[in-house]
Amino acid sequence: MSDHVDVLIVGAGLSGIGTACRLVRECPDATFAVLECRDATGGTWDVFRYPGVRSDSDMLTLSYDFRLWPHDGTLADGAAILHYLRETAAAYGIDRRVRFRHRAVAASWSSADARWTVTVRDENRGSETIVTCSMLSVCTGYYRLDRGWTPDFPGLSDFAGPVVHPQHWPDGLPVEGRRVAVIGSGATAMSMVPALAAAGARVTMVQRTPSWVAALPSRDRGADAARRLPRRLARQALRWRNIVVSVATYQLSRRRPAVLERILRRGALHHLPPAVVDAHFTPAYRPWDQRLCLVPDGDLLDLVADGTVELVTDTVERFGPGGPELGSGRHVDADIVVTATGLEILLAGGMHLTVDGRDVDPASTVGWKAMMLSGVPNLVITVGYTNASWTLKSDLVAGHLCRLWKHRQRHGWTTVVPDTPALRPDELRPMFDLRSGYVLRSRHLLPRQGPRGPWRSRQNYLRDRPSVRRGRLTDGLTFSRAAP
């Protein structure tokens, strides 16, 4: 790696690969490099190896718009997604530009020099190097890959069997014929439980509260009708249909939540009797206050209906040697406990950021279109949608980075910084509207959003796309030149 690059990308997962591909396609004159703290590309899709790991968004919107998912089927397993990402990286030569086991630990901006100085730790050598860049693109996502979140369950260390978090699933863990208690009710638990049952485990899923579930057909019925069109045109049409449906569903959840609740309940009733739906699949919160869980063909619901999987809605009070003790007084027998209990937020990969010697506290900043931070120059952070496919937003962010670079080159600017908006404290809200546990636990760490304009995180691709791609770059951004 050279000492200086035009763009330094941190992270070689879904966002980092997509950003690098955009630079190759749209800014061929820009030099760039990719830092990856692990020894492989793929990010989340390389880390998560638990049984049943799969997408919880349809693949036509989770794939890149410049290289659409080439296979049939609505959802895909983790191995297929990882293969797709690595094929894409190889097709654009990105795999040859990744510096593996290089962790960006700190980044310091100098206004006088109009560049970032990034301290990089070489995990192989145990030494540190310096890389400078004109633009810094952070593509590390917003949660930790090295550890997940497990509540402080009393007595968990007394449990006699293995306790496994899905982010750290060990290779070769035998589950056939064993009693497995899966603690959790989110997308991870709902994708894991059917796979464990198929592997011969006797599974009890323990959820503290229910989640909203939508049974999604694993085969896209619209694909059959679209086959009369040229393949790429057909897939683009299906992709836009999926985008419109996802946006409409979210808007319905905000404006007419009772209507969406009835639709989701009706879908669950195709698989389960009313008493079971009311007890285990009817949450107290509105749909999309937390992420909506998709189950292909209602597989989890069918396993609960035929008794293959036992579903218990109760609190875990403590653990004993034989398994969890619940608030109702019931004991769940278990040989293995899986804590599918959530994620830990880690913005910017844990990098320590400074601007002209001053520490940057992300929580004290306001997000510019949820992709730049007020008062922080030449920094673009990729955070995907929470209510739709991650890639829809990450691709917009990558396109914005390319647009910024070309605008800087065309006009000779060296610095672009989001203004600090004149907003009252009561106008500021968390950047994410979700009320999921991992978001609520970490709101004090995250940037804020405002009520209007470029400071609002709209979570709406149909509105964000024209704004990001064709909106005025001077709307909330200030461009300048550093002194020679």
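Structure first, text after, so check above.
Described in the following lines is the structure provided in the data block.

Definitions and limits used
- Residues numbered from 1 in each chain as written.
- Predicted model: local features only at pLDDT ≥ 70, side-chain atom pairs only at ≥ 80, totals over all residues.
- Heavy atoms only, no water.
- Pairing = 2+ DSSP bridges.
- Helix = DSSP H or I, 4+ residues; strand = E, 2+ residues; numbered from the N terminus.
- Contact = heavy atoms within 4.5 Å.
- Axes fitted to C-alpha atoms, helices over the stretch in contact; angles between N-to-C directions.
- Core = buried A, V, L, I, M, F, W, Y, C linked by side-chain atoms within 4.5 Å.
- Buried < 20%, exposed > 50% of the residue type's maximum accessible area, 1.4 Å probe, protein only.
- Polar contact = N/O pair within 3.5 Å; in protein donor to acceptor, adjacent residues only side chain to side chain.
- Phe/Tyr/Trp six-rings, centres within 6.5 Å; stacked < 30°, edge-to-face > 60°.
- Lys NZ or Arg CZ within 6 Å of the ring centre and 35° of its normal.

Sheet architecture is open: five strands sit in the order E7-E15-E8-E9-E12, paired in parallel fashion. Looking at the sheet topology across the chains shown, the edges are occupied by strand E7 (163–164) and strand E12 (309–313). Of the strand pairs in this sheet, E7 and strand E15 (residues 336–339) are connected by two bridges, and their pairing is parallel. Residue Val164 lies in a different strand from E15, and its bridge partner there is Val338. The strands that helix H5 (residues 187–198) touches are strand E8 (179–183), strand E9 (202–207), E12 and E15; relative to E9, the one it contacts most, it runs at about 165°.

The next subject is the nonpolar core. A general tendency of soluble globular proteins is for nonpolar side chains to be buried together. Counting residues in each nonpolar core, the largest one holds 130 residues, and the members touching the most others are Trp116 and Leu136. The element contributing the most residues to this core is helix H11 (residues 390–411), with eight residues. Among the nonpolar cores identified, the runner-up in size contains 13 residues, and Phe159, Ala181, Ile183 and Leu326 belong to it.

Attention now goes to the side chain of Ser374. The residue Ser374 is located in the loop between strand E19 (372–373) and strand E20 (379–381) in this model. For Ser374, a relative accessible area of 8% translates into the label buried. Looking at Ser374, its side chain comes within polar contact range of the main-chain nitrogen of Val366, at 2.9 Å.

Moving on, we get to the packing of aromatic side chains. A full pass over the atoms with the stated rule returns 15 aromatic pairs. Judged by centre distance (6.1 Å) and plane angle (75°), the ring pair of Tyr142 and Tyr143 falls under edge-to-face. Measuring from centroid to centroid gives 6.0 Å for Trp240 and Tyr461, while their planes differ by 45°, and the two rings are tilted. One end of the pair, Trp240, is in helix H7 (residues 231–255); the other, Tyr461, is in helix H13 (residues 461–470), and 221 residues separate them in sequence. Through successive ring pairs, a cluster of aromatic residues spans Phe48, Tyr50, Tyr142, Tyr143, Trp390 and Phe432. We note Arg97 situated over the ring of Phe32; from NZ or CZ to the ring centre the distance is 3.8 Å. If you follow Arg481 out to its NZ or CZ, it ends over the ring of Trp413, 4.2 Å from the centre.

Here four bridges tie strand E4 (residues 102–110) to strand E16 (residues 352–355), and the two strands are oriented parallel to one another. By the bridge assignment, Trp109 is partnered in E16 with Val355. Here E16 runs beside strand E17 (residues 358–359); their pairing, made up of two bridges, is antiparallel. From the neighbouring strand, Val355 faces E17, where its bridge partner is Arg358.

It is worth stressing that arrangement in space is one thing and function is another; only the former is reported here.
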